[in-house]
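# Observations on the three-dimensional arrangement
Each chain, letter by letter, is given below.
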Amino acid sequence: MAEHESPEFGKADFVLLDNVSMEEFMANLKLRFEKSRIYSYIGEVVVSVNPYRAMNIYGRDTIEQYKGRELYERPPHLFAIADAAYKAMKRRNKDTCIVISGESGAGKTEASKYIMQYIAAITNPNQRAEVERVKNMLLKSNCVLEAFGNAKTNRNDNSSRFGKYMDINFDFKGDPIGGHINNYLLEKSRVIFQQEGERSFHSFYQLVKGAPDSLLKCLHVQKDPTAYSYIKVGGQTKSAINDGADFKAVADAMKVIGFTPEEIQTVYKILATILHLGNLKFGCDGDVTLIENTKVVTVLGDLLSTKEENVTKALLYRTVSTGRDVIDKQHTDQEAGYGRDALAKAIYERLFCWIVGRINDVIEVKNYDARVHGKNTVIGVLDIYGFEIFQNNSFEQFCINYCNEKLQQLFIQLVLKQEQEEYQREGIPWKHIDYFNNQVIVDLVEQQHKGIFAVLDEACMNVGKVTDEMFLQALNNKLGKHAHYTSRKLCPTDKSLEFDRDFRIRHYAGDVVYSVLGFIDKNKDTLFQDFKRLLYNSSNPVLRSMWPEGKLGITEVTKRPLTAATLFKNSMISLVENLSCKEPYYVRCIKPNDVKSPLLFERERCRHQVEYLGLLENVRVRRAGFANRQTYPRFLQRYKMISQFTWPNHDLPSDREAVKRLLQGCGFEHDAAYGKTKVFIRTPRTIFSLEELRVEMVQRIVLFLQKVWRGTVARMRYRRMRAALIIIRAYRRYKVKSYIREVNRRFKNVRSMKDHGRHVKWPTPPKVLRRFEEALKNIYNRWWAWTLIRRLSPEEVVQVRAKVATLECLKGHRADMGLHRTWEGNYLKKDSPEKASSFTLVSSDLQRKDKFMRVLFSSNVRKINRFHKAEDRAVFITDRHLYKMDPLRQYKPMKTIPLYNVRGRHLQSRTTELVLAHKPKVVSKLVIFWMTTCTRKVSGYSTHRWYRDFG
């Protein structure tokens with residue numbers, strides 16, 4: 001849901017005013033300013049009023065509120081216009097630009113910084129290191145350019161004294177990958193002169209007040225700005241600017257951007273050079289011009305890394321080539337002073353351009369191939385000096401105001417004129433709205449052969465002494481009948497103009513009186529070639545690279561350089577062409593008062609700005625016009641999924657009919673008009689509603705496509721799996737058949753073999769037949785055993801069964817189980833004749849007494865009692881009883897235990913051959929121990945007999 005402001009804050013969009021008049025407009029603007037609502041809309045144009053105080057509306061929380069939202073979903077804000085430009089660039093793959101305009105002190109520079117901050121915050125969600133590096137460079141570049149290009153004026157503490165247009169390049173994902181900065185007309189005259197209450201560029205004061213003592217000592221600079229003529233006026237001006245903190249911030253920013261320590265040191269040396277140049281004093285000794293303070297020349301030579309005598313010669317002499325002869329012409333003290341000032345201005349301008357170029361080298365897009373990486377889109381941000389009317393307006397103010405005329409012309413063409421012309425061209429009913437077209441003023445300045453720039457260039461090219469008064473006379477002759485130009489000669493009764501000095505131009509922003517003093521010199525922008533050669537021959541490579549034209553010899557002829565006016569005019573024409581090919585978004589800045597008060601709203605001051613910015617005409621055009629227009633094919637391409645009549649393709653007679661049917665189906669037919677080639681949507685809310693419907697349908701389409709694709713992928717996977725299964729099954733059958741055939745081949749004649757196939761090696765089975773192989777081997781082993789057993793006698797069969805049973809019971813308990821010999825069972829009967837006869841008599845008596853049927857086992861053993869005492873004993877086991885006998889007393893029975901009372905027996909493993917027999921309630925009542933056959937035997941018999949024969 002859109003967030004609407006309370007009515008107490010006035011109308012957030014001037015288009016919604018009940019009555020479009022200047023009074024209503026100003027009342028709403030004042031109300032919003034007093035309620036701390038500094039941003040308002042005129043359609044898609046943001047009107048910004050400078051609050052002259054810090055406001056907590058630019059933090060991370062605010063950024064998240066505007067990220068990805070449509071323009072009218074949140075209260076007016078710079079972030080909304082920045083997000084709109086970003087979305088247009090990302091959605092439609094279209095280059096966009098944000099044009100920030102307004103007079104000096106209206107808040108243009110701050111607005112551009114907040115826009116950059118927002119774009120940096122919403123991009124690169126994946127935190128790619130290279131993108132973060134580029135974002136950091138772009139943000140840090142503002143800090144550096146402000147230090148060297150901004151200054152305190154009577155209207156603004158941080159006034160841009162140059163024009164800046166920055167292109168930010170984005171990849172196909174919408175992440176910044178680089179940029180490029182264009183700078184326009186640095187006000188270099190501020191280096192040597194400032195009006196009362198103003199300062200030179202920030203960089204000078206940051207160096208003097210913020211640099212460490214060690215650096216200042218190296219540069220021969222004092223901490224007092226009033227010690228230097230060029231910045232003395234600014235040094236006496238009170239300011240809230242913290243130059244010390246700014247010096248550190250700029251130094252850190254330069255390091256982050258990539259300036260080397262040597263380059264940074266050279267920058268400081270150039271600033272110090274300019275300060276020392278301003279303190280140079282020239283005097284005359286007769287006809288000879290001298291430098292009065294020669295110690296300054298020594299410092300200059302050190303800072304410029306050149307010889308002291310070369311500096312002196314360049315300051316006092318000018319090398320002139322006359323045919324084959326080369327002579328040194330000495331300057332007068334006035335010419336020497338002019339050359340000094342020209343050198344100071346030129347050095348600073350070259351330094352500033354070098355800094356901009358150095359930043360561009362770092363942030364430019366590298367190794368980008370559109371065929372590989374996709375189209376490279378751009379958002380441009382224009383922060384350029386505002387319209388200026390000073391007490392003394394010179395060449396710089398003339399160029400600045402011309403620039404604002406060009407930008408106003410662009411605004412008129414794109415927002416007012418082209419819009420009305422497009423309605424007429426498309427056949428949309430339209431009531432024409434009058435507006436002031438400033439094309440006439442632009443032509444007054446830049447027209448070929450007739451414009452002020454043309455007259456100025458012509459005056460500069462004339463041979464001989466040409467003065468500023470002669471230039472003014474030429475203007476009066478050529479422009480005397482122009483409605484927007486006048487001078488004292490043309491209007492003798494106007495005492496606000498001085499004879500032979502002033503002329504007035506009626507700009508769109510108001511009348512401005514210009515003084516022609518200095519126009520000729522500033523337009524020629526003359527710098528003696530001697531200074532260029534001096535700086536080119538410096539041993540400092542950074543300084544040398546700034547003056548490539550210094551390598552030309554004295555006698556080499558070069559083309560006449562373009563004048564400052566022509567260069568500036570060409571750059572403005574190029575800028576306007578660049579902006580015209582992009583989709584523009586506007587921020588119109590208004591200055592509420594001249595005293596920088598956060599509470600004062602000067603109605604007439606603001607009214608004048610509203611008038612010359614054409615904001616009221618903009619409201620009228622926006623109210624009468626349409627917020628959005630698109631060609632029918634493009635509209636269908638984006639929104640056709642909303643309607644069943646247009647998705648996926650329509651069968652109506654034309655795209656126009658299809659668009660009409662689509663809008664009728666959505667209930668928006670009353671908010672649209674249909675031109676010859678385009679559909680016009682009146683309110684942005686209709687577009688937002690269409691976008692919401694589109695997002696909903698795109699999600700459903702994506703889900704449907706995902707379903708279809710996943711089904712297709714699943715069927716493809718199933719077919720592959722099925723084919724693989726068929727192949728695996730066929731392969732398994734092949735392996736099984738091959739294995740069975742191989743087994744059959746190897747064991748085919750097994751019956752005729754001596755060992756019945758025991759020597760035959762089994763083939764390796766496939767994994768699937770490993771259990772089958774085990775079963776097959778068991779079958780074979782049983783068959784092989786059967787072939788052996790069937791040849792045995794019944795007595796041998798009994799022996800074999802007993803041995804098999806013992807093997808199963810004692811497997812793992814005995815190393816030797818005597819399987820290789822015959823088992824006797826009644827071993828005492830096989831003993832020596834004396835003992836055997838005694839045992840036979842005793843066994844016969846026991847048979848008569850206990851009526852047993854069969855003797856199971858008998859043997860001599862060693863008994864261990866509970867006291868671990870060992871004695872010789874004999875064990876006699878029948879089918880009814882277990883007898884313990886004393887072999888030393890003719891095998892007299894010592895104890896008789898019925899077999900049904902023997903509950904268990906334990907056999908010790910491996911070599912100890914210990915047997916324990918258990919009876920109820922008595923543990924280990926019969927303990928028999930006898931040694932293994934390899935260590936000790938009792939009466940020649942191994943101890944495992946009993947368990948084998950009896951068990």
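Residues numbered from 1 in each chain as written. Predicted model: local features only at pLDDT ≥ 70, side-chain atom pairs only at ≥ 80, totals over all residues. Heavy atoms only, no water.

Labelled according to an unreviewed UniProt entry, the chain appears under the name Unconventional myosin-Id, originating from Denticeps clupeoides.

### Notes on the environment of Gln644
Topologically, Gln644 is positioned in the loop between α25 (632–639) and α26 (655–666). C-alpha separation for the pair Gln644 and Asn865, spaced 221 residues apart in sequence, amounts to 104 Å. (Helix = DSSP H or I, 4+ residues; strand = E, 2+ residues; numbered from the N terminus.)

### Details of the pairing of strand β22 (residues 881–886)
With 6 of 6 residues buried, β22 is to be regarded as a mostly interior element. Sheet topology places strand β21 (residues 870–878) next to β22; 4 bridges connect them, and they run antiparallel. Looking at β22, one finds that Ala874 is bridged to Met885. Following β21, the chain reverses through 2 residues before pairing antiparallel with β22. In the sheet, β22 pairs with strand β23 (residues 892–898) via 6 bridges, with the strands oriented antiparallel. Within β23, the position partnered with His881 by the bridge is Pro898. Taking the residues that link successive antiparallel strands as the turn, the β22-β23 hairpin has 5 residues, and the phi of Gln890 there is positive, at about 55°. (Buried < 20%, exposed > 50% of the residue type's maximum accessible area, 1.4 Å probe, protein only. Pairing = 2+ DSSP bridges.)

### Concerning the sheet that holds strand β2 (residues 45–49)
Hydrogen bonding along the main chain pairs the strands of a sheet, whether they run parallel or antiparallel. Ordered in space as β1-β2-β16-β3-β12-β6-β7, the 7 strands form an open sheet in which the pairing is mixed. Edge positions in the open sheet fall to β1 (39–42) and β7 (176–184), since each of these has one partner strand only. The sheet shows a mean angle of 20° between the axes of neighbouring strands, direction not considered. Note: β1 against β2, 4 bridges, orientation antiparallel. Along β2, the bridge assignment pairs Ser40 with Val47. In this fold helix α5 (residues 129–149) packs onto β6 (163–170) and β7, with an angle of close to 20° to the strand it touches most, β7. (Axes fitted to C-alpha atoms, helices over the stretch in contact; angles between N-to-C directions. Contact = heavy atoms within 4.5 Å.)

### Thoughts on the side chain of Asp468
Inspection of the secondary structure puts Asp468 in helix α18 (residues 468–479). Look at Asp468: it is buried, it has no salt bridge, and the nearest opposite charge is Lys524 at 8.8 Å. Here Gly518 takes part through its backbone nitrogen, which lies 2.8 Å from a polar atom of the side chain of Asp468. Apart from the residues within four sequence positions on either side, Asp468 is in contact with Val516, Leu517, Gly518, Phe519 and Ile520. (Lys, Arg positive; Asp, Glu negative; His and termini not counted. Salt bridge = Lys/Arg side-chain N within 4 Å of Asp/Glu carboxyl O. Polar contact = N/O pair within 3.5 Å; in protein donor to acceptor, adjacent residues only side chain to side chain.)

### Regarding the sheet that holds strand β13 (residues 485–487)
Read from one edge of the open sheet, 3 strands run β13-β14-β15, paired in antiparallel fashion. Pairing within the sheet leaves two strands with one partner each, and these edge strands are β13 and β15 (510–515). On average, each strand axis in the sheet is inclined to that of its neighbour by 25°, with strand direction left out of account. Both β13 and strand β14 (residues 502–507) contribute to a ladder of 3 bridges, which runs antiparallel. Opposite Thr486, over in β14, you have Arg504 as the bridge partner.

### Brief notes about the pattern of salt bridges
Once the charged atoms of two side chains with opposite charge are near each other, the side chains can pair. Summed over all chains, the structure comprises 38 salt bridges. Residues joined in a network through salt bridges with shared partners are Glu103, Lys591, Asp594 and Arg605.

### Structural notes on the environment of Asp886
As for its position among the elements, Asp886 is in strand β22. Along the backbone, Asp886 and Lys135 are 751 residues apart, and their C-alpha atoms lie at a distance of 107 Å. Excluding residues within four positions of it along the chain, Asp886 makes contact with Asp872, Arg873, Tyr891, Lys892 and Met894.

### Looking at the packing of helix α6 (residues 202–210) against helix α9 (residues 243–257)
One way to put it is that α6 packs onto α9 with a least axis distance of 8 Å and a crossing angle of 105°. Considering their axes alone, α6 and α9 lie roughly perpendicular with respect to each other. The residues of α9 that touch α6, namely those facing Tyr205, Gln206, Leu207, Lys209 and Gly210, are Asp243, Gly244, Asp246, Phe247 and Val250. (Parallel < 35°, antiparallel > 145°, perpendicular 65-115°, else oblique.)

### Thoughts on the packing of α6 against helix α10 (residues 261–278)
Interhelical geometry of α6 versus α10 gives an angle of 100° and a closest axis separation of 10 Å. Comparing their axes, α10 and α6 come out roughly perpendicular. Listed contacts from α10 to Ser203, Phe204, Leu207 and Val208 of α6 are Tyr268, Leu271, Ala272, Ile274 and Leu275. The residue makeup of the contact of α6 with α10, split by class, is 8 nonpolar, 1 polar and no charged. (Nonpolar A, V, L, I, M, F, W, Y, C, P; charged D, E, K, R; others polar.)

### Details of the confidence of the model for the chain
Overall, the predicted model of the chain reaches an average pLDDT of 84, with 91% of residues at or above 70. Low pLDDT, under 50, characterises residues 922–951; the predicted model gives this stretch 99 contacts beyond four residues in sequence or across chains. (pLDDT = per-residue confidence, 0-100.)

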